[in-house]
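Take a look at the letters that make up each chain.
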6 protein chains.
Amino acid sequence: MDNWLPTLITATPTEGYELAVKMSRVAVKMTQGDAAMRDKLRPDYAENADSLIAVSDVVAHHFATVAAANNYWRD
Amino acid sequence: MDNWLPTLITATPTEGYELAVKMSRVAVKMTQGDAAMRDKLRPDYAENADSLIAVSDVVAHHFATVAAANNYWRD
Amino acid sequence: MDNWLPTLITATPTEGYELAVKMSRVAVKMTQGDAAMRDKLRPDYAENADSLIAVSDVVAHHFATVAAANNYWRD
Amino acid sequence: MDNWLPTLITATPTEGYELAVKMSRVAVKMTQGDAAMRDKLRPDYAENADSLIAVSDVVAHHFATVAAANNYWRD
Amino acid sequence: MDNWLPTLITATPTEGYELAVKMSRVAVKMTQGDAAMRDKLRPDYAENADSLIAVSDVVAHHFATVAAANNYWRD
Amino acid sequence: MDNWLPTLITATPTEGYELAVKMSRVAVKMTQGDAAMRDKLRPDYAENADSLIAVSDVVAHHFATVAAANNYWRD
């Protein structure tokens, strides 16, 4: 993959959250490289409450890292 | 989405907790953009003990980040 | 809700742990606002080993935050 | 409950780990107060690989907190 | 195993993420040492949405550690 | 048990990772003290993709602690 994650620094918490969502998806792509298979699996999680909660948890973990990297946008 | 998360700073831990709940929900909306589908899924987690515990776990993760951002409201 | 979480500071680790238990429960109440439904769901987790372990995990996450807020009660 | 957790400080990492195990169990007791029910549930997790892994995860979370409290026993 | 993890330092966040993916896989290899069995299990997670989300969560945890080690590549 | 965890300090990240694997296993032993039962359960997780991912997650949590204890082996 190209240099898809050049920095953890974002201008705002909102952008940091969007980055966390992206980060949560890349590991899936690196584990299941077939885009057609990923598309096929999409309803399995997008229409399943527990899967959506699990997705949100991964985002929370990445957001914690991004937030720390940005010193919580306090500066 | 608009700039829904302009800051992690809140006046009190209670408000920080409410922000963490909001943060846990946004990732779900970003993954399942169809509001009607989300409404349909609501009973699947709101009436399921394990799902509610999982929701609480995501909130705990986001609250940890918000609390650190606010220096634990110690200042 | 009222200002149910005015501070993360507690006198002892024991009280911090009790606060963490309270914090783990509030997200459930905020997601399932119907007390009767919550009562109905209680056996589903209180009599299920995996659910109890999951509850304990949420408490662990909140306790980590409370402990950091209190500087691990080292002062 | 009495003051069962007076301090997070332990003499060694081994004792800190034992404390983390204790901390993981107390939340279960606080959620399911009936000792007979807890005894009944014991085989459900003690003879189930996934449950044992989940228990280990809770211990890992508490150990992280205890280790930080003890400054990783580096002093 | 040889010294497969000589350092947590990487040049970029992208490389740090790749390291986190590697770190998430090694524990699996250390638990299931039989490569043929691991190959057999691959479809079980690579074609399962919940498994892929779980993989992503492990990566998130390791990435947090790698990011902290690199001071979030802020220097 | 004897003093199985005298220190969190290791010479390299690789050794720190091996320690994290050990730490993830001890909680299982402390919860299920019967070695024969543990052996019986081994195929349940070693031949199950989701269980192996869960094991890897516990290792990730312990590795985070060990890495922090070692100041990420940056010194």
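Above: the structure in question.
Residues numbered from 1 in each chain as written. Chains lettered and ligands numbered in written order. Predicted model: local features only at pLDDT ≥ 70, side-chain atom pairs only at ≥ 80, totals over all residues. Heavy atoms only, no water.

1. Side note on the relation of the copies chain B and chain C
Both copies of the chain are related by a screw-like operation: a rotation about an axis and a shift along it.
And then number 1: After a rotation of 60° and a shift along the axis of 0.0 Å, chain B superposes on chain C with an RMSD of 0.0 Å. Viewed as a symmetry operation, the transformation between the two copies matches a six-fold axis. When C-alpha distances to the rotation axis are compared across chain B, the minimum falls at His61 of chain B, with a value of 6.9 Å. (Least-squares fit on C-alpha atoms with pLDDT ≥ 70 in both.)

2. Some details on the interface of chain B and chain C
And then number 1: Taken together, the contacts link 28 residues of chain B with 32 residues of chain C.
And then number 2: Regarding the contact of chain B and chain C, the summed buried area is about 2400 Å², with carbon and sulfur atoms giving 66% of it.
And then number 3: The largest share of the area that chain B buries against chain C comes from Thr14, Tyr17 and Ile53 of chain B, three residues that together contribute 24% of it.
And then number 4: Within the residue set of the side of chain B that touches chain C, elements represented by two or more residues are α1 (13-31), α2 (35-46) and α3 (49-69) of chain B.
And then number 5: Ranked by residues supplied to the side of chain B that touches chain C, first place goes to α3 of chain B with 13 residues. (Contact = heavy atoms within 4.5 Å. Buried area = accessible area lost by both parts, 1.4 Å probe. Helix = DSSP H or I, 4+ residues; strand = E, 2+ residues; numbered from the N terminus.)

3. Quick word on the interface of chain A and chain E
And then number 1: With 32 residues of chain A at the interface, the matching set in chain E holds 28 residues.
And then number 2: With both sides pooled, the region where chain A packs onto chain E buries about 2400 Å², and carbon together with sulfur makes up 67% of that total.
And then number 3: Put simply, chain A and chain E have zero salt bridges between them.
And then number 4: Between the two partners, chain A and chain E, sit twelve residue pairs in polar contact (both at pLDDT 80 or more).
And then number 5: Contributing elements (two or more residues each) for the side of chain A that touches chain E: α1 (13-31), α2 (35-46) and α3 (49-69) of chain A.
And then number 6: Ranked by the residues each element gives to the side of chain A that touches chain E, the list is headed by α3 of chain A, at ten residues.
And then number 7: Split into classes, the residues belonging to the side of chain A that touches chain E amount to 18 nonpolar, eleven polar and three charged. (Salt bridge = Lys/Arg side-chain N within 4 Å of Asp/Glu carboxyl O. Polar contact = N/O pair within 3.5 Å; in protein donor to acceptor, adjacent residues only side chain to side chain. Nonpolar A, V, L, I, M, F, W, Y, C, P; charged D, E, K, R; others polar.)

4. Regarding the relation of the copies chain A and chain E
And then number 1: For the pair chain A and chain E, the superposition axis carries a translation of 0.0 Å, the fit reaches an RMSD of 0.0 Å, and the rotation angle comes to 60°.
And then number 2: When the interface residues of chain A are mapped onto chain E, a mere 12% of them again fall at the interface, so the copies present different faces.

5. Things to note about the packing of helix α3 (residues 49-69) of chain C against helix α1 (residues 13-31) of chain D
And then number 1: In the contact formed by α3 of chain C and α1 of chain D, the axes pass within 8 Å of each other and the chain directions differ by 120°. In terms of orientation, α3 of chain C and α1 of chain D fall into the oblique class. Crossing angle aside, the handedness with which α3 of chain C passes α1 of chain D is right-handed. Residues Leu52, Val55, Ser56, Val59 and Phe63 of chain C of α3 of chain C form the contact with α1 of chain D, whose own contacting residues are Met23, Ser24, Ala27, Val28 and Thr31 of chain D.
And then number 2: Of the residues in the contact of α3 of chain C with α1 of chain D, the class split is seven nonpolar, three polar and no charged. (Axes fitted to C-alpha atoms, helices over the stretch in contact; angles between N-to-C directions. Parallel < 35°, antiparallel > 145°, perpendicular 65-115°, else oblique. Left-handed = near helix turned anticlockwise from the far one by under 90°.)

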